[in-house]
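# Commentary on secondary and tertiary structure
Residues per chain, in single letters:
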Amino acid sequence: MPWYHGNITRSKAEDLLSKAARDGSFLIRASESILGAYALCVLYQNCVYTYRILPNEDKKLSVQASEGVPIRFFTMLSELVEAYYSPNMGLVTHLQYAVQGEEEVDEETESNNLPPQLPPRNFTADSDSKTSELACKSLSDTFLMRLQHMDLAILPEEHQVAIQEYFRNSICFDVEQVQNGNPYPPGLRKLTTAICKNLNSEVSRLLPTLEVFHRTFDQQLSPGIGQFSKQSFVDSGQSVSYRLEQLTKLLYSIEDKAKSCIFESVGYEGGHRNSLIPIFTFEVKQESLGISTKMFLKVDVESGKLFFKKSKDGPEDKYFVHNKILQLVKSQKMHAKLVVVVETEKEKIQRKEFVFDDTKKREGFCQLLQQMKNKHSEKPEPDMITVFVGTWNMGNAGPSQSMSSWFQCKGQGKTQDDTADHIPHDFYVIGTQEDPLGEREWADTVKGALRNITNISFKQVAIHTLWNIRIVVLVKPEHENRISHVFSDSVKTGIANTLGNKGAVGVSFMFNGTSFGFVNSHLTSGSEKKLRRNQNYTNILRFLNLGDKKLNPFDITHRFTHLFWLGDLNYRVEFPCTEAEYIVTKIKQQQYQELLNKDQLSMERNEGKIFLHFDEEEITFAPTYRFERDTREKYAYTKAKATGTKYNLPSWCDRVLWKSYPLVHVVCQAYGCTNDIMTSDHSPVFASFEVGVASQFVSKQDLNSAPQGGIQIMNCVATLLTKSKTKFFIEFHSSWLEKTVKTSEGENTENSNGSIKVWFGNQVELTPIISDPEYLLDQHILICVKSTDCDESYGEGCVALRAAQFCYTEFHITLTHQGEKTGTLTGGIQLRTSEGKPTEKLYDFIKVEKDDSVTSKGKGGDFSKSSVAHALDISNPNYMGVSFKSGNVTDKGWSYSMPPRNLPTIGQSGRDSKKGAYDASAHGPTGKACSGGEDEKKSEMFDNPLYGSMEKPHSRAKDQDHPQKDHLAPPDPQFASSKAADGDPDRPPVPTPRNRSYTCSEKPQPPAAVNLQISVQKKPVVPSRSEGGMAPIRPPLPAKSRPEPQTPKPRDYRDSSELPGKHRLPARPGQPPSHKDAHPEGPKMGRPVK
């Protein structure tokens, strides 16, 4: 059947038909939306029409064609295709030309990766009964002959007779049964039952005893529950192998629980006795009045104190407790500089500037302070955790005696300070390839190594193995009850996608309210197999079954808040083999950039072929493959094979990438490889992440009296890269929705470039199950554009509710499907929540300061008396999608026209989140800024990284080109102000930010982002909500005024969130926005969406 293409993607089917370029060309593929159904794709007038082929209860097939045409049923696909070669069958045109698939060359077999060979099969299945009988007799004779050459004297006589009888008569019956589809050969089962008769009865006798012993270690045992049903131990027809497996698992479980109890009794998990973080002292320099003074910062995590000392052995009378340490501000200009913002006894805010020996020391100090804040937090649930991700191709050799360097992120690359050695991660995710150990042995090895490092006995969340590819997930015992919905799966991508020597294993779970996914893959080897590796990635993406099963239209890149992909991806450095010595020389000189420019994975990612919208930390370590074993000084880049010499140039085969939802916190703190683990030809790779998480939210509000929240989606326009002739609608999925919400059909317009633009004019109101802002601002909406004819997805994306925290916000997202870009979607989102305000997150404790123009004056840097030269711009580069060290800007797949906003003042943010108040300095769809009262002093505040770093609301997206009517339809009256914007009657009214009062500024604001500064007041004033239309007393926002430049000067795109070369001159103060700015063609964030 040359026209049947199996599980090819919809876009691949369209490509094949486009290349055929003849009306009536067709192919059939598997349906993406219904299991067991098919999709008939037909080309007519350069458009692809898709018809579903559905099976009925009798498994007969029918085509969903035009109305009025009688439905015909067919037993086989070939009959159906033959019938539809005839005209007038309800299709747009009758079938004429079958489109064949492109041949795919399978990879070479690698003997060391293949499973143990099965006994030779010297018979072949044949429809002719006589041939089948001869084959069975030959098989029977073969095994009987083998028995004759074996010493059977050691066997009981009845066992000898049973085995001989099986090979003489029963094996032929088993062959017949297997040919007829019976997976359990009855003769073999009968034989094993007879041989293991005594074993079976012994298992039945042992299981109750072991179960009682097992239950004594069960911590959840309730008083009075000591009885159990004896039926569970009675042989109910299970095979002996199944009952032995049950017995083995029970023994392992007893061993685990017994060990756990013993470890606890000696203090491994007994509070802080053996898991204390020691006291560390950092030598720093403090600048005061232009004089550099040596200082010592002593960090006591356990007591929650930070000591400031003038000498190492000096008095410890000056210290700040954890709740008086309000903020850590990293300098981006000077990577070793740090500002510590503290509150004194007189409630004054002080900035203390220190310079560390190097960046690594500064990062170690920040981690300890963050650990201190976390340890002494009054929150019942964490909002930030750390995750270790490691990958190692073990080369079919056992592990080295010590693996501590791997788990402590020590070696080459971006590594952590020694102070971080004593801070255990919350999760350890370890992926191995060519792993020769059994699951049990490897898990015990890893747990033992971690116990030696941390004095903690980690709990196993999951372990999953495909041949020699394995993933294991371990977690701190304190988090065990926060984990739920654990799933694991595997996908084979070896020869013909049937062998598991290559492929992937994955694990997913929920940590409170945050979903995690981890994929460990081993892709096709060989420098020239780049396209095959790309196909491996696509197959894993499509068929790895993890996460929420309700999210069926979405692949795994959209199913998780955080997805981490690790493994031996096998992408090579694309140099000629003759350049091997040149590559080695560059590695010895630590000049990696030229080699990284030819890294296949990076090149394929840059072209959007694989790992679309994934991130990877900057590589600053040597290639991890291919070393001579037992040394890291020499690369073995040649390999003798029967076909000749094979070259394996030094390459970064082993990698860790990740992809997270928009506007969530995730920072890579370490990425490198070890130097001292040398048993394999690969070096282990480590990565450490700081990850924001959401709690399992329980609303404190009365659900009956609290106002109902709502999310409004409007002005949606999709541009789809497809030639399909169909109608489309949008589906909205989220855990905060009771059920999936669908829009009505959109209105199509075909573009000259072959894409389709779809307008979804109706506004959609989404009702959340919980309206509390603390809950909603951590949530996301998954969006899927589907076709009406086949109910198949044409693109998926994600929008963060946090983007609309203060007012109506436009979004622009890249639509993807099964790893490919399929279009874009633009629209607007508006959020209405109940009363309340979000609390400060632990990860907001550390900021990055991008403008070092502020200098403190006076002894100790008393900030209440300091003068501020310029506004501070403080943010976290993670939210901009900008690499802090390299400054690389990548396409994240989303952007928002988010307004700048205020944080609580520093005095509020660190002391009591309940006292903090957010200032809604927001731009509405009118483009006019919303500010507070104008007679107050200017309040200088920190810029929140989550919002201040986003793009201004009126900037152009790179690939948006649609008329103004696509955007900014007036929001629903219940969301927006009843007053239209002054001087612009065609624009919608300014929406009122929830629970905030403000007045609109009469003067047009310049399009430049507003910078916010640190408060100079002794004690922050908490504004109250206005009553009777009165605006709250709140200091106005200081606008950053710029002098008119003499020559156009490109701004730092990390500051402006724009790419170089795409800048406009900044507007003069007081100058109204240009027509181009006033009527944007699309929203934009820190980078255009490609």
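Quick caveat, the model's predicted, so the values are computed rather than measured. (Residues numbered from 1 in each chain as written. Predicted model: local features only at pLDDT ≥ 70, side-chain atom pairs only at ≥ 80, totals over all residues. Heavy atoms only, no water.)

Let us now look at the environment of Asn 539. With respect to the element layout, Asn 539 can be found in helix H11 (residues 530-543). Taking the relative accessible area as the measure of exposure, Asn 539 reaches 8% and is therefore buried. Sequence separation between Asn 539 and Gln 818 is 279 residues; the distance between their C-alpha atoms is 8.8 Å. The contact partners of Asn 539, leaving out residues within four places of it in the chain, are Val 491, Thr 493, Asn 497 and Leu 544. (Helix = DSSP H or I, 4+ residues; strand = E, 2+ residues; numbered from the N terminus. Buried < 20%, exposed > 50% of the residue type's maximum accessible area, 1.4 Å probe, protein only. Contact = heavy atoms within 4.5 Å.)

What follows deals with the pairing of strand E24 (residues 654-660). Among the seven residues in E24, seven count as buried, and that is most of the element. Where burial is concerned, the two faces of E24 agree: the one with Asp 654, Val 656, Trp 658 and Ser 660 and the one with Arg 655, Leu 657 and Lys 659 are both buried. Examined bridge by bridge, strand E21 (residues 562-568) and E24 share seven bridges and lie antiparallel to one another. Counterpart to Gly 567 in the pairing with E24 is Arg 655. (Pairing = 2+ DSSP bridges.)

Reading across the sheet, the five strands line up as E18-E19-E20-E21-E24 and stay open at both edges, with mixed pairing between neighbours. Of all strands in the sheet, those with a lone pairing partner are strand E18 (483-492) and E24, marking the two edges. Strand after strand, the sheet turns through a mean of 15° between neighbouring axes, direction not considered. Bridge count for strand E19 (residues 503-511) against strand E20 (residues 514-522) is nine bridges, and the pairing is antiparallel. Bridge assignment links Gly 506 to a residue of E20, and that residue is Val 519. Contacting E18, E19, E20 and E21, H11 crosses the sheet at an angle of about 140° to E18. (Axes fitted to C-alpha atoms, helices over the stretch in contact; angles between N-to-C directions.)

With that out of the way, let us pick up unusual backbone geometry. The bulk of non-glycine residues show a negative phi, and the bulk of peptide bonds are trans. Cis geometry marks the peptide bond from Tyr 625 to Arg 626, where omega comes out at 10°. Of note in this structure, Glu 434 is not a glycine but carries a positive phi near 50°. Residue Glu 434 is classed as buried on the basis of its relative accessible area, which comes to 13%. For Leu 663, which is not glycine, the phi torsion reads 55° and is therefore positive. Topologically, Leu 663 is positioned in the loop between E24 and strand E25 (666-673). The buried category is assigned to Leu 663, whose relative accessible area is 7%.

That is the geometry; function is a separate question.
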